[in-house]
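Single-letter residue listing:
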Amino acid sequence: MGAEIPAGLVEAMRSADAVVVLTGAGVSAASGVPTFRGAGGLWAGRRVEEVASPLAFRNDPALVWSFYDWRRTELAKCTPNPAHHALARLEAILSEVTIITQNVDELHRAAGSRRVLEIHGSIWRLRCTGGCGEAEDRRAPLPPPLPPLCTCKSPLRPAVVWFGEALPRALFEEAQHAAGLADVCLVVGTSGAVEPAASLARIARANGAVLAEINPDGSLLSAMSRYVITDGAERALPRLVEAIEAAR
Ligand code: NAD
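Residues numbered from 1 in each chain as written. Predicted model: local features only at pLDDT ≥ 70, side-chain atom pairs only at ≥ 80, totals over all residues. Heavy atoms only, no water.

A. Representation of the pattern of salt bridges in the model. Evaluated as defined, the whole model comprises 18 salt bridges. In this structure, the salt-bridge partner of Asp231 is Arg235, at a minimum N-O distance of 2.6 Å. Put simply, Arg235 and Glu234 hold a salt bridge, and the shortest N to O gap is 3.4 Å. Residue Glu234 is classed as partly exposed on the basis of its relative accessible area of 23%. The structure contains a network of salt bridges with shared partners spanning Arg47, Glu49 and Glu50. (Salt bridge = Lys/Arg side-chain N within 4 Å of Asp/Glu carboxyl O. Buried < 20%, exposed > 50% of the residue type's maximum accessible area, 1.4 Å probe, protein only.)

B. Fine view of the packing of helix 5 (residues 82–93) against helix 9 (residues 233–247). Closest axis-to-axis distance for the helix 5/helix 9 pair is 7 Å, and the angle between their directions is 20 degrees. Taken as axis vectors, helix 5 and helix 9 run roughly parallel relative to one another. For the element pair helix 5 and helix 9, the recorded crossing hand is left-handed. Within the contact between the two elements, helix 5 uses Pro82, Ala83, Ala86, Leu87, Arg89, Leu90 and Ile93 and helix 9 uses Ala233, Glu234, Leu237, Pro238, Val241, Ile244 and Glu245. (Axes fitted to C-alpha atoms, helices over the stretch in contact; angles between N-to-C directions. Helix = DSSP H or I, 4+ residues; strand = E, 2+ residues; numbered from the N terminus. Parallel < 35°, antiparallel > 145°, perpendicular 65-115°, else oblique. Left-handed = near helix turned anticlockwise from the far one by under 90°. Contact = heavy atoms within 4.5 Å.)

C. Examining helix 8 (residues 199–206) more closely. For helix 8, the set of buried residues is Ser199, Leu200, Ala201 and Ala204. For helix 8, the secondary structure elements touched by its buried residues are strand 1 (19–23), strand 4 (97–101), helix 7 (169–181), strand 9 (184–188) and strand 10 (210–214). Note on helix 8: the residue one or two positions beyond its end, Gly208, has a positive phi of about 95 degrees.

D. Molecular detail of empty space enclosed by the protein. Applying the stated criterion across every chain, the model contains two cavities of 30 Å³ or more. Each pocket or cavity is described by its volume, and for the second largest cavity that value is around 40 Å³. What lines the second largest cavity is Gly32, Val33, Pro34, Trp70, Arg71, Glu74, Leu75 and Cys78. For the lining of the second largest cavity, the residue count by class is five nonpolar, one polar and two charged. (1 Å grid on protein atoms, 1.4 Å probe; cavity = no way out; pocket = protein on both sides within 12 Å on 5 of 7 lines; lining within 4 Å. Points joined across faces, edges and corners; volume = space filled by probe spheres on them. Nonpolar A, V, L, I, M, F, W, Y, C, P; charged D, E, K, R; others polar.)

E. Examining the site of the ligand more closely. In the vicinity of the ligand, 26 residues are found, and the nearest of them are Gln102, Asp105, His120, Thr190 and Ser191. Within the contact set of the ligand, an oxygen atom lies 2.6 Å away from a side-chain nitrogen or oxygen of Thr190. Calculation on the ligand without its partners gives an accessible area of 850 Å², and the protein chains cover 91% of this total. Among the residues forming the shell around the ligand, the class breakdown is nine nonpolar, twelve polar and five charged. (Near = heavy atom within 4 Å. Polar contact = N/O pair within 3.5 Å; in protein donor to acceptor, adjacent residues only side chain to side chain. Areas by Shrake-Rupley, 256 points an atom, 1.4 Å probe, with all protein chains shown as cover.)

Next comes the structure, spelled out in structure tokens:
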């Protein structure tokens, strides 16, 4: 058994023209990816905010890179879990599904989801701080030196959005647009503590979307959600998608 799947949510999703799914670290928890704010949300005794910021990179790029190199090495062992697979299936059965993810692990794409807006970037891409652009690099661990260097000799950085940085404007506008058009906004595995990502749920709701949440512990967005499924995404999402398929 698991938490009840509300029939009203199944019907709202089945009949929706557009669905937005806003995901956070919790959707990858069952893949073994640590969340930031749950138990174990520390690295070497430091708060993640202390090693994932432009200031930290300016002060000690090698320290920041040892955090990211560790994270990349851990992530390289992770594969999509039933929550990611269920969302890929949802895209196959409903007309317009957009996943907006705060995760940098690319596990939605690995599961086969195609319309994925990675608003916080990807840990598997590196960007030249000298302005040469960015490229995929999946080596984990990275060979020395840390920080890795571009061919122009400038340090490379992870192509992720750090605390205190703006989101890529065009991508975030696309996410805002999708949220504004959605009939249902499903919020999965996010604490709702990181802005402006959490604002997308508010935009969806303000524009008439049915807001629903899947989170075993609830979040800052629970109170404004019409439906709250208090369960892990890896259990609740496959059951929700099965129920939508059965109702079609
Ligand atoms: P968060 O760590 O702040 O919150 C995680 C949420 O997931 C919590 O509310 C928790 O109750 C919930 N949760 C835990 N296990 C769950 C499960 N099995 N099913 C569903 N929910 C579960 O994460 P956030 O809101 O995504 O914000 C943190 C920031 O950290 C984001 O910007 C994100 O980019 C980054 N981050 C990314 C990853 C990743 O790429 N996988 C991992 C950690 C953090």
